[in-house]
Amino acid sequence: MAKLRICPICLEPTFITDKDYVEGEIKPVTVLISYRCGHIITNKVLRNASLSNIQRVRARAGVIAKRLGLKEEHKKEVFNLIKEIKRQHPKMKDYKVLELAFNEIMEKYGYTL
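Residues numbered from 1 in each chain as written. Predicted model: local features only at pLDDT ≥ 70, side-chain atom pairs only at ≥ 80, totals over all residues. Heavy atoms only, no water.

Colleague: Hey, could you go over the overall build of the chain for me, with residue numbers and the actual values?
Modeller: Within the chain, the regular secondary structure consists of four helices and four strands. Counting helices and strands in the order they occur from the N terminus, the chain gives β-β-β-β-α-α-α-α. Expressed as a percentage of the 113 residues in the chain, the buried residues total 42%. Of the contacts formed within the chain by residues at least 6 apart in sequence, a portion of 56% connects residues at least 24 apart. As presented, the chain carries roughly 6,800 Å² of accessible surface, and 51% of it is formed by carbon and sulfur atoms. (Helix = DSSP H or I, 4+ residues; strand = E, 2+ residues; numbered from the N terminus. Buried < 20%, exposed > 50% of the residue type's maximum accessible area, 1.4 Å probe, protein only. Contact = heavy atoms within 4.5 Å. Areas by Shrake-Rupley, 256 points an atom, 1.4 Å probe, with all protein chains shown as cover.)

Colleague: Quick one: what's the story with the pattern of salt bridges, residue by residue and with numbers?
Modeller: If the charged atoms of two oppositely charged side chains come close together, the side chains can form a pair. Counted by the stated rule, this structure contains six salt bridges. Each of Glu12, Arg60 and Arg67 takes part in a single network of salt bridges with overlapping partners. (Salt bridge = Lys/Arg side-chain N within 4 Å of Asp/Glu carboxyl O.)

Colleague: Quick one: what's the story with the packing of helix α2 (residues 54-68) against helix α3 (residues 72-88), residue by residue and with numbers?
Modeller: One can describe the packing of α2 onto α3 by two numbers: an axis separation of 10 Å at closest approach and a directional angle of 150 degrees. Relative to α3, the element α2 is oriented roughly antiparallel. For the element pair α2 and α3, the recorded crossing hand is right-handed. Touching Ile54, Val57, Arg58, Ala61, Gly62, Ala65 and Lys66 of α2 are Lys75, Val78, Phe79, Ile82, Lys83, Lys86 and Arg87, all from α3. In terms of residue class, the contact of α2 with α3 is made up of seven nonpolar, one polar and six charged. (Axes fitted to C-alpha atoms, helices over the stretch in contact; angles between N-to-C directions. Parallel < 35°, antiparallel > 145°, perpendicular 65-115°, else oblique. Left-handed = near helix turned anticlockwise from the far one by under 90°. Nonpolar A, V, L, I, M, F, W, Y, C, P; charged D, E, K, R; others polar.)

Remember, this is a structural readout, not a statement about activity or role.
Below is the structure:
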């Protein structure tokens, strides 16, 4: 099953299948579908990813949710998950917060990519 990944540079949806995404130590992985940048994800890119407040992450989540066609109640759940994750892990990078929130909702309600 493909999971939604967020590009750490442009914070746009990036689709990578499980077997293409290297877990643990990140090795260079080609961004398969990126709407803007198409960069290769490396350790340096991940270390330099943005770290924003809850409002900015939620604003970006709204854009992504609209693009993915989520229902209104599912968008609200994504926003609540983002708030919960950011409160528990305030130093977590934006792309990771978005990935966790969207993948949980997509898995819970059976959205496919």
